Amino acid sequence: MQFRQQALAKLQSPEELDLPVRFARPQGWLVLSVTVLVMAAASVWAVTGTVASTVSAPAVLTHGEGSYVLQSPVAGQVTAVLAKEGRRLAANAPVLKVRTADGRTAVVRTVAAGRITALAAAIGAIIQTGANVAAVEKVAKADDPLYATVYVPAENATGIPVNAAVDLTVQSVPTQQYGVLRGHVKAVDRTAQTQQQVTAFLGDSQLGEQLTKEGRPVAVLVRLDPSAGTKSGYKWSSADGPPYALDSMTLATGSIRLADQRPVDWLLP
């Protein structure tokens, strides 16, 4: 009975209404304030900020007009090799002599002026009509500038703007010591390249196969940033770059900065 009376008395009495109510501790207010500030900053960044993204793809250093594969117009036996690798030749310059089946001698000549980058025929070899005998890079002068052609997957090429910054990791240059080669996008092809097109431009069937094994890429032409203070003549992320010149047909990896995107666009359907 005593417990029942105490319970009834408690129900009839007011609930300590004269005592102050504490809504949150000071630590709770601090956490709440920080959360509100972070959310506000994130909202402003989502509307006004931008996100920079990059795409990386294999690249080849070449001169601007590329190369071509020289083919023999006749079948027969090679009797003389008149050119050397690395030598620059004028248009219509002799490269090989071939003795045909009827005993006459034919001369295989360059189609356009350039530098012999590879010879596929040796004295005594038997070649067929249309056989690849040399690769010729289209360069008329020793000081013609180098470019980089980056072979980007077609699905990643649409967002590449002209003049976008490019960093090139050159295979023949130690990156940790000399850094990366700097450049900017000069042009982006409108159509994807076939294996035959890549081979024709580079003058190398193996590279043509290698660069198209994952699908038809888009060729992005990159202008290398010049620098009078480096041995290579081009700008590097390090102060001096490598203490030697760069050769054409050098392999690299290009990292191209895409157009900046607003993060709020990612949230929209």
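Above this note sits the structure.
Small disclaimer: the values here were computed from a predicted structure and weren't measured.

1. Here we look at the overall build of the chain
Within the chain one finds 6 helices and 14 strands. Within the chain, the fraction of its 269 residues that count as buried is 33%. For the chain, the exposed surface amounts to about 16800 Å²; the carbon and sulfur share of it is 55%.

2. Things to note about helix H4 (residues 195–202)
The complete set of buried residues in H4 reads Val198, Thr199 and Leu202. Taken end-on, H4 shows its buried residues confined to a sector of 100°, consistent with a single buried face. The secondary structure elements touched by the buried residues of H4 are strand S1 (54–63), strand S2 (67–71), strand S10 (146–153) and helix H5 (205–211).

3. Quick word on the sheet that holds strand S11 (residues 165–170)
Pairing is antiparallel in the closed barrel, where 6 strands are placed in the order S1-S10-S13-S12-S11-S14. Within the sheet, the average angular offset between the axes of one strand and its neighbour, ignoring direction, is 40°. Sheet topology places S1 next to strand S14 (residues 250–257); 8 bridges connect them, and they run antiparallel. Bridged to Ala57 within S14 is Gly254.

4. Focus: unusual backbone geometry
Despite not being glycine, Asn92 has its phi angle at roughly 70°, a positive value. For Asn92, the location among the structural elements is in the loop between strand S4 (88–89) and strand S5 (94–99). Residue Asn92 is classed as partly exposed on the basis of its relative accessible area, which comes to 49%. The backbone of Asn163 sits at a positive phi, close to 75°, despite the residue not being glycine. With a relative accessible area of 47%, Asn163 lands in the partly exposed category.

5. Regarding the sheet that holds strand S7 (residues 114–119)
Taken together, 4 strands build an open sheet; the order of strands is S2-S9-S7-S4 and the sheet is antiparallel. Two strands lie at the open edges of the sheet, namely S2 and S4, each paired on one side alone.

What counts as what
- By convention here, each chain's residues receive numbers from 1 onward along its written sequence.
- The model is predicted, so local features are restricted to residues of pLDDT at least 70 and side-chain atom pairs to those at 80 or more, both for listing and for counting; the totals for chains, interfaces and linings are taken over all residues.
- Water and hydrogen atoms play no part in the side-chain values, which are based on all heavy atoms of the structure.
- For helices the rule is a DSSP run of H or I covering at least 4 residues; for strands it is a run of E covering at least 2, with both sets numbered from the N terminus onward.
- Here the term buried applies to any residue with accessible area under 20% of the maximum for its type, exposed to any over 50%, and partly exposed to those in between, with areas from a 1.4 Å probe on protein chains only.
- Residue exposure ignores everything except the shown protein chains as possible cover, and the areas themselves are Shrake-Rupley values with a 1.4 Å probe.
- In this description, the arc belongs to the directions extending from the helix axis to the C-beta atoms.
- Pairs of residues are marked as contacts when any of their non-hydrogen atoms sit within 4.5 Å.
- By the convention used here, strands pair only if DSSP detects at least 2 bridges between them.
- Here an angle of 0 to 180 degrees is reported between the N-to-C directions of two axes, which are lines fitted to C-alpha atoms, with helices fitted over the stretch in contact.

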